[in-house]
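# Understanding the architecture of this molecule
Given next are the chains, with one letter for each unit.
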Amino acid sequence: MKSKKLLSVIVGIMCMVLLAGAVSVYAGEAASDLAAIQDKGVLVVGITDFAPMDYKDENGNWIGFDAELAEAFAEIIGVDVEFQEIDWDNKILELNAGSVDCIWNGMTLTEEVAEAMECTGTYALNAQVVVMKADKLADYADAESMADLSFAVEAGSAGEAVAQEAGFEINSVQNQAAALMEVAAGTSDACVIDKTMADAMTGEGTSYADLGYAVSLSSEEYVVGFRKGSDAAAALDEKIQEWIKDGTMAEISAKYDNAVSIAEARDAAEEAE
Amino acid sequence: MSLLEVNNLKKSFGKNTVLKGVSFSLDKGQTLSVIGPSGGGKTTILRCLNFLEIPDEGTVKVGDEIIFDAAQTARLSDREIRKNRLHFGLVFQDFNLFPQYTALGNIMLAPKLQAASSPEMSREKNIPPERIEEYCLEILDRVGLADKKDHYPHQLSGGQKQRVAIARAMAMNPEILFFDEPTSALDPELTGEVLKVIRRLSEEKMTMIIVTHEMGFAKNVSDQIIFMDNGLIAEQGTPEEVFNHPKNPRTLEFLRGYTGLE
Amino acid sequence: MFANVLSALSIGFLKTLEIFGLTLVGAIPLGLLICLGAMTRIRVVKYVIRFLVWVIRGTPLMLQLLVIYYGPGLIIGDNWWGSGEHGRFIATIVAFIINYACYFSEIFRGGIQSIPVGQQEAGFVLGLTKAQIFFRITLLQVVKRIVPPMSNEIITLVKDTSLSRIIALQELIWAGQSFMKSAGIIWPLFFTGIYYLAFSGILTVVFNRIEKKLEFFRV
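Keep in mind that this is a model prediction, so the values were computed, not measured.

Our focus in this paragraph is the overall build of chain A. Looking only at helices and strands, chain A features 11 helices and 12 strands. Counting every position in chain A, which comprises 273 residues, the buried fraction comes to 49%. Here the contacts in chain A between residues at least 6 apart in sequence split such that 70% fall between residues at least 24 apart. Only carbon and sulfur atoms are counted for the fraction: they give 52% of the accessible area of chain A, which is about 12,700 Å².

In structure tokens form, the structure reads like this:
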């Protein structure tokens, strides 16, 4: 009996080693990802329901700033576009497993993202803001005054990182919406979320009409992420620079109440580097 | 001529030899009681005869037909085993009634299935399927429970359950009926009704083997007594011989444990 | 607004029902097979099956969903399930069937082994075949014994379907959450509870009926 248990443990360990080995082998592969996407004829874009970047219109079609850009890019490389809602926690898993081709959903460039994905250059700007009950905003004018508040943040998010840096007492929850709910329910005093999200989700006409923000903790950059080593990132980046320069980006942003702050084009010197 | 002849039956479970060579015979219409201490191999004899265990050695003969020969066990198919089993009926210590059938349903189940699936094996060839219910009800009446025919086992007392079990075994019309300690699972006040039924069967010249601890009953009802000890027949004879003049000191010692025996 | 939420939740609930139904349809026969495998005299089969059951019952269903859906793409670099909702749905069904079959198999095994061997022997001495004994004698007794644990497990399945949101399958909870994420409206998420309650309520009634029906005898 004892030897059988031991055997099963050994088998279990072997399975894990095999798995790890296979993953690393796969990560090392470097064929043309762009060609592979063109081959299958569809660009699967991993998104969450995140206005104004990717969200559904009343007919259930995906629209938004990012959604329109993704459609444009798919057309250029000659494939269809397919939007796939994913669990944000699993975005790297989804990319590596090949169930999506890119993450294009107002994704903040963090160290983790840079490490795990092949990213384009910055195409839009964002900030992490502190959302709390609107009637308290006047009492907390800067980060220092918030030391005694409890914070809800999305696990693994940029907001969590800056809140930790600021030394706040934090409670990590599943997503940004849940963080907002914590504040609305009073289980946390405040939350740190994307400015883009805060703009869309708080104020009149939402469940969070009595929430608002005044303080930004950091500014950050939105990028599009592909599988590590993918050549599609560079191809898209080239288009992004074009779209920034020729005003396409600004035009699309205008359709969404200018909620997206477009990044500045990189200058020629930087390009040459 | 003997109806049943058992010759040199041996059976082991792993290292434990339970039957070490048992031989006996039984005439038609006789009642044989098997007595002896627990673990002496009494129950195993019945289980071997019913093919619930396959003996390691020995032969079993019913009439002129050798139904079992250990030297040739490999040749017995499931079907042959089933056919052989129908020579015998077995009444279990703990009844083993089927809980989801009524008293009458328990008795009718096997005759009906037999008539439907393998009529050629049925020992009740002369009973047409539509008469089975009537026939089974008659048998239930013989054990005095016709009025309980629609009762489920959990609605019957222990004694009534065992009487239904006896009727169930009788319904297959076996040549020999076996009882495996039929009253051991019963409260003392309920044993009487079961023993009465068995006694009447004995009077009606049903051929029977009864494994029992009811010494008084065995003495009164049997034509023949076997005393089993340690896997062997230690003593065999008429009730008078075994109970009143035992030759084997082990028999005497065992019988002394039962006071109240005249 | 209420109508919108209701229709979105109902679409999600339909998905939940599909997972529920297909899981039962697949897991009950597979569970029976695994149960037989776990009781077989062939040692190799028995130990392999018991090992599998141990692994499945010993790890969270959520983890199994992740491994089954993402595993093929990560390990062999080929996403078996295809992209899109359909692939996620198939992977979910596969994970649920395997998981629940293992739980069911243990219930079946317990049920079969709890029937006294005397029942079978009583059938044997009456000259019945093994098949006759199983279908006419043992089966109903096993059914009676396993109805209570099976109803527990099946009602748990209703709620477990929500785990499939981990691989972004858009079932009932997902549908409720999507209002929170997109429109900032919280109540639809909590309203999903009504669906779960109603459904498990119906199942409870059904199982009570079955138990009542089997009350005419005792095992």
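What follows continues from the structure just given.
What follows concerns the pairing of strand β10 (residues 190-194) of chain A. All names here are of chain A. The buried fraction of β10 amounts to five of the five residues, a majority that puts the element mostly inside the structure. Inspection of the sheet shows strand β7 (residues 124-133) paired to β10 by five bridges, in the antiparallel sense. Counterpart to Val131 in the pairing with β10 is Cys191. Note: strand β8 (residues 150-154) against β10, three bridges, orientation parallel. Within β10, the position partnered with Phe151 by the bridge is Ala190.

Sheet topology places β8(A) next to strand β9 (residues 169-173) of chain A; five bridges connect them, and they run parallel. Among the inter-strand pairings, A:Ala152 is bridged to a residue of β9(A), identified as A:Asn171.

Below, the discussion takes up the interface of chain B and chain C. At the junction of the two partners, chain B supplies 25 residues and chain C supplies 21 residues. Here chain B and chain C share an interface that buries about 2,200 Å² over both sides, 62% of which is from carbon and sulfur atoms. Of all residues in chain B, B:Gln100, B:Leu113 and B:His154 give up the largest surface area on contact with chain C, accounting jointly for 26% of the area buried on that side. B:Arg47 is the partner of C:Glu121 in a salt bridge, and the nearest nitrogen-oxygen pair spans 2.6 Å. The interface formed by chain B and chain C includes eight residue pairs in polar contact (both at pLDDT 80 or more). Elements that contribute at least two residues to the side of chain B that touches chain C include exactly α2 (78-85), β6 (88-91) and α3 (103-117) of chain B. Examining the composition of the side of chain B that touches chain C, we find that five residues originate from one element, α3(B), more than from any other.

All names here are of chain B. Although it is not a glycine, Glu181 sits at a positive phi angle of roughly 45 degrees. Tracing the backbone through its elements, the reader meets Glu181 in the loop between β7 (176-180) and α6 (188-203). With relative accessibility at 12%, the residue Glu181 sits in the buried group. Positive phi values are uncommon outside glycine, yet Lys205 reaches one of about 65 degrees. Counting through the fold element by element, Lys205 comes out in the loop between α6 and β8 (207-211).

Let us look at the domain arrangement of chain A. Residues and elements named next belong to chain A. Domain annotation for chain A reports domain 1 (33-125 + 222-272) and domain 2 (126-220). If you look at the interface, domain 1 gives 14 residues, while domain 2 gives 12 residues. Summing both partners gives a buried area of about 950 Å² for domain 1 against domain 2, and 49% of it is carried by carbon and sulfur. Sorting the residues of domain 1 by area buried against domain 2 places Phe50, Thr108 and Tyr222 first, and these three jointly supply 38% of that buried surface. The tally of links from domain 1 across to domain 2 stands at zero salt bridges. Applying the counting rule to domain 1 against domain 2 returns three residue pairs in polar contact (both at pLDDT 80 or more). Elements that contribute at least two residues to the side of domain 1 that touches domain 2 include exactly β5 (102-108) and β7. Tallied by class, the residues present in the side of domain 1 that touches domain 2 amount to eight nonpolar, three polar and three charged.

A few words on the sheet that holds strand β2 (residues 16-26) of chain B. Residue and element names in this part refer to chain B. As summarised here, the arrangement of the four strands in space is β2-β1-β4-β5, forming an open sheet in which the pairing is antiparallel. Only two strands of the sheet have a single partner each, and these edge strands are β2 and β5 (65-69). Ignoring which end each strand starts from, the neighbouring axes of this sheet average 20 degrees apart. Sheet topology places strand β1 (residues 4-13) next to β2; eight bridges connect them, and they run antiparallel. Its bridge partner being in β2, Leu4 is matched across the sheet by Leu26.

A:Leu43, A:Phe65, A:Trp104, A:Tyr123, A:Leu180 and A:Phe226 are the most contacted members of the largest nonpolar core, which totals 110 residues. In terms of residue count, the dominant contributor to this core is helix α4 (residues 84-114) of chain C (12 residues). When we break this core down by domain, the ones giving at least three residues each are domain 1 (33-125 + 222-272) and domain 2 (126-220) of chain A. If near-sequence neighbours (up to four positions away) are discounted, A:Leu180 is found in contact with A:Val131, A:Cys191, A:Ile193, A:Met197, A:Met201, A:Thr202, A:Tyr208 and A:Leu211. If you look at the next biggest cluster of nonpolar residues, it comprises 44 residues, including B:Leu9, B:Phe68, B:Phe178 and C:Ile133.

Let's shift gears to the packing of helix α5 (residues 117-125) of chain C against helix α6 (residues 130-160) of chain C. Residues and elements named next belong to chain C. Two elements in contact, α5 and α6, have axes whose closest approach is 10 Å; the angle formed by their N-to-C orientations is 145 degrees. The handedness of the crossing between α5 and α6 comes out as right-handed. Contacts from Gln119, Gln120, Gly123 and Phe124 in α5 reach Lys130, Ile133, Ile137 and Gln141 in α6. Taken together, the residues of the contact of α5 with α6 sort by class into three nonpolar, four polar and one charged.

What counts and what doesn't
Residues numbered from 1 in each chain as written. Chains lettered and ligands numbered in written order. Predicted model: local features only at pLDDT ≥ 70, side-chain atom pairs only at ≥ 80, totals over all residues. Heavy atoms only, no water. Helix = DSSP H or I, 4+ residues; strand = E, 2+ residues; numbered from the N terminus. Buried < 20%, exposed > 50% of the residue type's maximum accessible area, 1.4 Å probe, protein only. Contact = heavy atoms within 4.5 Å. Areas by Shrake-Rupley, 256 points an atom, 1.4 Å probe, with all protein chains shown as cover. Pairing = 2+ DSSP bridges. Buried area = accessible area lost by both parts, 1.4 Å probe. Salt bridge = Lys/Arg side-chain N within 4 Å of Asp/Glu carboxyl O. Polar contact = N/O pair within 3.5 Å; in protein donor to acceptor, adjacent residues only side chain to side chain. Domains from an automatic or database assignment. Nonpolar A, V, L, I, M, F, W, Y, C, P; charged D, E, K, R; others polar. Axes fitted to C-alpha atoms, helices over the stretch in contact; angles between N-to-C directions. Core = buried A, V, L, I, M, F, W, Y, C linked by side-chain atoms within 4.5 Å. Left-handed = near helix turned anticlockwise from the far one by under 90°.

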